[in-house]
Amino acid sequence: MDTSGEDCRQALLSKISDFEDAIMVKTAKRSKADCIVTRNIKDYANADVTIYTPEEFIRVVKDEIESQ
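Residues numbered from 1 in each chain as written. Predicted model: local features only at pLDDT ≥ 70, side-chain atom pairs only at ≥ 80, totals over all residues. Heavy atoms only, no water.

Before going further, it helps to examine the environment of valine 37. Inspection of the secondary structure assignment puts valine 37 in strand E1 (residues 36-37). Judged by its relative accessible area of 39%, valine 37 falls in the partly exposed class. Expressed as a C-alpha distance, the spacing of valine 37 and glutamate 56, which sit 19 residues apart in the sequence, is 8.7 Å. Discounting residues that sit within four places of it in the chain, valine 37 has contacts with Tyr52, Thr53, Pro54 and Phe57. (Helix = DSSP H or I, 4+ residues; strand = E, 2+ residues; numbered from the N terminus. Buried < 20%, exposed > 50% of the residue type's maximum accessible area, 1.4 Å probe, protein only. Contact = heavy atoms within 4.5 Å.)

On inspection of all chains with the given rule, the structure shows 1 aromatic pair. Between the aromatic rings of tyrosine 52 and phenylalanine 57, the centroid separation amounts to 6.3 Å while the plane-to-plane angle is 50°, which identifies the pairing as tilted. (Phe/Tyr/Trp six-rings, centres within 6.5 Å; stacked < 30°, edge-to-face > 60°.)

Moving on, we come to the packing of helix H1 (residues 5-12) against helix H2 (residues 19-30). Interaxial distance between H1 and H2 falls to 8 Å at its minimum, and their mutual angle equals 125°. If you check the angle between H1 and H2, you find them oblique. In this structure, H1 meets H2 at a crossing whose hand is right-handed. Contacts between H1 and H2 involve Asp7, Cys8, Gln10, Ala11 and Leu12 from the former and Phe19, Ala22, Ile23, Lys26, Thr27 and Arg30 from the latter. A per-class count over the contact of H1 with H2 returns 6 nonpolar, 2 polar and 3 charged. (Axes fitted to C-alpha atoms, helices over the stretch in contact; angles between N-to-C directions. Parallel < 35°, antiparallel > 145°, perpendicular 65-115°, else oblique. Left-handed = near helix turned anticlockwise from the far one by under 90°. Nonpolar A, V, L, I, M, F, W, Y, C, P; charged D, E, K, R; others polar.)

Set out below in structure tokens:
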């Protein structure tokens, strides 16, 4: 994913207090990413993207593979 200038501008208007995290959310939304994986989920409380810890993400992927 490439972050655009528009992602940065939108991040400034975001409800997410940490600018770098807000950029991640805006870039993920524009890129139509399914989720963001991070150890620091508390900073993404206001994100409108699904957020997983690494452990949660592994479990979700594993469950999906097993259900196929």
